[in-house]
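# Structural overview for review
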Amino acid sequence: MTLISFVVPAYRVQGYLRECLDSILDQPFADLEVIGVDDASPDAGGEILAEYAARDPRVHPVRLADNVGLGPARNAGLDRATGEYVWFVDGDDWLVPGCLPHVADRLRDTRPDVLVVDHVRAHWNFVGTRSAMRDVFPEPPGPETFTLRDRPETLRLLHTAWNRLVRREFLVERGLRFAPGWYEDVSFSYPALMAADRIGVLDRVCLNYRQRRTGAITRTRGDRHFEVFAQWHRVFRLMDRWAPAVDELRPAVFERMIWHYLTVLGHGERIAPELRAPFFAQMHEDHRRFRPSGGYPVPPGVEGLKHRLVAAGRWRTFSALRGAHQAGETARRTADRARRRVTPVVRRTARRARDTALHEYYRAELRRPIDPTLAVYAAYWYRGYACNPAAVYEAARRLAPQVRGVWIVRRDRVATLPPGVEYVVAGTPEYHRVLARAHWLVNNVNFPDFVRKRPGSVHVQTHHGTPVKVMGLDQQRYPVGAMGMDFAGLLRRVDRWDYSVSANAFSTQMWERAYPADHTTLEVGYPRNDRLARATADECRQVRAALGIGADEYVVLYAPTHREHLPGWRPPFDPDRMRDVLGPAGRLLMRSHYFHDRERRPRGPAAGGVLDVSAHERVEDLYLAADVLVTDYSSAMFDYAVLDRPIVVYAPDWDAYRVARGVYFDLLAEPPGAVATDFPGLLDVFRSGVVNGGAAERARAAFRARFCSLEDGHAADRVVRRVFLGKST
């Protein structure tokens, strides 16, 4: 028999589900199975479960025909579980590395009915807060098992299903299952503890409880929070059925019920103001209905006062005291901020005066009406006309000619704009005016912090690549690569987005967790790749001729990415040795990352078949000209794969990169072609012909199926129809 069956329900958790599954399957422990339950999720959760099942026989996906909710979805997984113990892990949480051997040892040594494990709350800003384990058990209980009568304080541990493993036969024998509705853990976890003959506690953090910025039930307002009452009513009905065996537990369980009600009511993001009085009234009714005849241990201090006000039904007094407390907390925080604020010495410089004047001008322009025809475009921090915004701009000129498109560029990049493109120079009054009055703002990075999201304006984030390296909030786990990042500022910028353009389902999943906010995802392919998808042989010949490349030359494009954690570092690469391997007909194009644009110097004609194309404005030209792409962790591979030409991953620092910078998937295990981890190996890839071998072709086909299925040449059209014309994509 399998020792542990993990039941992982999935509903709208596509951005987190891979991390959850990896955290289970990558444990140094194999005696497990994963029952992944797709609760008719509208996102890619079902596809992710199927993908993992295809490569790991321990994963068993289940798809429900209808969305039934978390409790019934867990029941569906429980019905298919074969393990001795069941662990219900939510699809947006994840296990701590290396925890399972310790869990398994405790299960085998003590054979508990219920084993409670410790956890931490992992907040979206990657601040972790500990559980109540140390408060409940100041002295670790050790390996001995006990009943709830022996240690009633166990009730004060968080009452969730995911912080405990339960013996499957025990659940079947006692008929314990999850009820439908919100707060389903209540009517499962408390009865399980009351019914258990052997409870164990493992004083080891085993699970990260994700505190999501958006999408969590605990951060969702609505009347469904009233369902907490029905769950507690189920608990007391079970206690009535099991009486008198559990009667001595009633006072402690009742205290937990009132504590829970107060927690839900006190959470400002759950109960809307107009629903608080009715919620309090139901609390009072349950207090009257379920209060043990012999009383219960009322907590001391302010918490005890709350209990007494609930018992008396004094809503107005409760509300007034709550309001006074919140006002006091606000005043305290304001005073703290004032004390921390350091007033800088005012320096009256001409530049500061000019900046102040421009910002005042911007604020004045914000008071003027939005220009209903104006769209502002930018790319790569105003480096010029490029990437997805350029493709959207061109499609808008064709499909929505009533829209006036204006580009923002740096002064030193004005000369790179195509003829006829209207523009403003960054930092000028005109720049501030168009930012203030634009109806649409389209960028592949974020606009500056001073830009305000006006009601009626539409911000479109196109991004500029499919992510290999971690992005956004996920970078908080990799402080070396995220040095100097302002994550609070990042979230303020992300909150301006109305649309996020995604090239594929994988990007959608990663953006969802990296940039949690209430924007709409347009999973339509990348507009910049439309040109590649529609490219003809004649266009490729023209591009090669413009670059001075002959029709019979064999062209390799080398395009490494930037290492934020190692400024100035370059992978070891000897262009002369590469050129020798390519032979007389070979041509090597070398392109640095755009972050290094200030390092570029004018170059002369290609020397010895090697050409520096770092300053070439349209990277798509280089893709069309190249017969092979050599790159490392750059998003260039996803774009170039649209052409279905050979790709070589050259990753000499893969192990260091994935540890310091973080990655979303194992590029060496799922590459788009041949792989080399050192420069001699890279030369061998070309010398041996592996670059065009059957294994490389199969890898490229799988890579294209996963990442390029939407690239049909019409992505920009889909964006324009949705964003500018209000039509379905």
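Quick notes on the rules
Residues numbered from 1 in each chain as written. Predicted model: local features only at pLDDT ≥ 70, side-chain atom pairs only at ≥ 80, totals over all residues. Heavy atoms only, no water. Helix = DSSP H or I, 4+ residues; strand = E, 2+ residues; numbered from the N terminus. Buried < 20%, exposed > 50% of the residue type's maximum accessible area, 1.4 Å probe, protein only. Pairing = 2+ DSSP bridges. Axes fitted to C-alpha atoms, helices over the stretch in contact; angles between N-to-C directions. Contact = heavy atoms within 4.5 Å. Parallel < 35°, antiparallel > 145°, perpendicular 65-115°, else oblique. Nonpolar A, V, L, I, M, F, W, Y, C, P; charged D, E, K, R; others polar. Salt bridge = Lys/Arg side-chain N within 4 Å of Asp/Glu carboxyl O. Expected span 1.5 Å × (residues − 1).

Cis geometry marks the peptide bond from Ala243 to Pro244, where omega comes out at 5°. Summarising the element assignment, Pro244 is placed in the loop between helix 8 (227-242) and helix 9 (250-266). For Arg12, which is not glycine, the phi dihedral falls at a positive 55°. Along the chain, Arg12 falls in the loop between strand 1 (4-10) and helix 1 (14-25). Given a relative accessible area of 46%, Arg12 falls into the partly exposed group.

In this section: the pairing of strand 8 (residues 164-167). Of the strand pairs in this sheet, strand 4 (residues 85-88) and strand 8 are connected by three bridges, and their pairing is antiparallel. Across the sheet, the residue bridging to Tyr85 is Arg167, located in strand 8. Alignment of strand 6 (residues 114-123) against strand 8, held across three bridges, turns out to be antiparallel. Each bridged residue has a counterpart across the sheet, and for Val114 the counterpart in strand 8 is Val166.

This brings us to the sheet that holds strand 12 (residues 423-425). The parallel open sheet is built from seven strands, whose spatial order is 12-11-10-13-14-15-16. With one partner strand each, in any of the chains shown, strand 12 and strand 16 (520-523) form the two edges of the open sheet. Across the sheet, the mean angle separating the axes of adjacent strands is 25° when strand polarity is ignored. Relative to strand 14 (residues 458-461), strand 13 (residues 438-443) runs parallel, the two being bridged by four bridges. The residue of strand 14 that forms the bridge with Val442 is Val460. Relative to the sheet, helix 15 (residues 429-437) contacts strand 10 (371-378), strand 11 (404-409), strand 12 and strand 13, its axis offset from that of strand 13 by approximately 105°. Strands strand 15 (499-502) and strand 16 of the sheet are contacted by helix 17 (residues 505-514), whose axis makes an angle of about 140° with strand 15.

One can describe the packing of helix 9 onto helix 10 (residues 273-290) by two numbers: an axis separation of 11 Å at closest approach and a directional angle of 180°. On the basis of their axis angle, the class for helix 9 and helix 10 is roughly antiparallel. Facing Phe254, Met257, Ile258, Tyr261, Leu262, Val264 and Leu265 of helix 9, the residues of helix 10 in contact are Arg276, Phe279, Phe280, Met283, Asp286, His287 and Phe290. Across the contact of helix 9 with helix 10, the residue classes tally to 11 nonpolar, one polar and two charged.

Turning next to the pattern of salt bridges. Tallying each qualifying case throughout the model produces 49 salt bridges. In this structure, Arg74 and Asp185 form a salt bridge, with 2.5 Å as the shortest nitrogen-oxygen distance. Of the two residues, Arg74 is situated in helix 3 (residues 70-80) and Asp185 in the loop between helix 6 (168-174) and helix 7 (186-195); the sequence distance between them amounts to 111 residues. The two residues Arg74 and Asp185 agree in class, both being buried. Taken together, the shared-partner salt bridges connect Arg18, Glu51, Arg55, Glu670 and Arg706 into one network.

This part takes up the sheet that holds strand 20 (residues 628-631). A sheet is described by the order of its strands in space; here six strands give the open sequence 19-18-17-20-21-22, paired in parallel fashion. The sheet terminates laterally at strand 19 (610-612) and strand 22 (674-676), the two strands that pair on one side only. The mean angle between the axes of side-by-side strands here comes to 20°, regardless of whether they run parallel or antiparallel. With three bridges connecting them, strand 17 (residues 554-558) and strand 20 associate as parallel partners. Its bridge partner being in strand 20, Val556 is matched across the sheet by Val628. Each of strand 17, strand 18 (586-590) and strand 19 touches helix 20 (residues 575-582); the most contacted strand, strand 18, lies at about 150° to it.

For helix 1, with 12 residues, the first-to-last C-alpha span of 17 Å sits near the 16 Å given by 1.5 Å per residue. Extensive coverage of helix 1 is indicated by the burial of 11 of its 12 residues. For helix 1, every residue scored as buried is listed here: Gln14, Gly15, Tyr16, Leu17, Arg18, Glu19, Cys20, Leu21, Ser23, Ile24 and Leu25.

Just distances and angles here, no functional claims.
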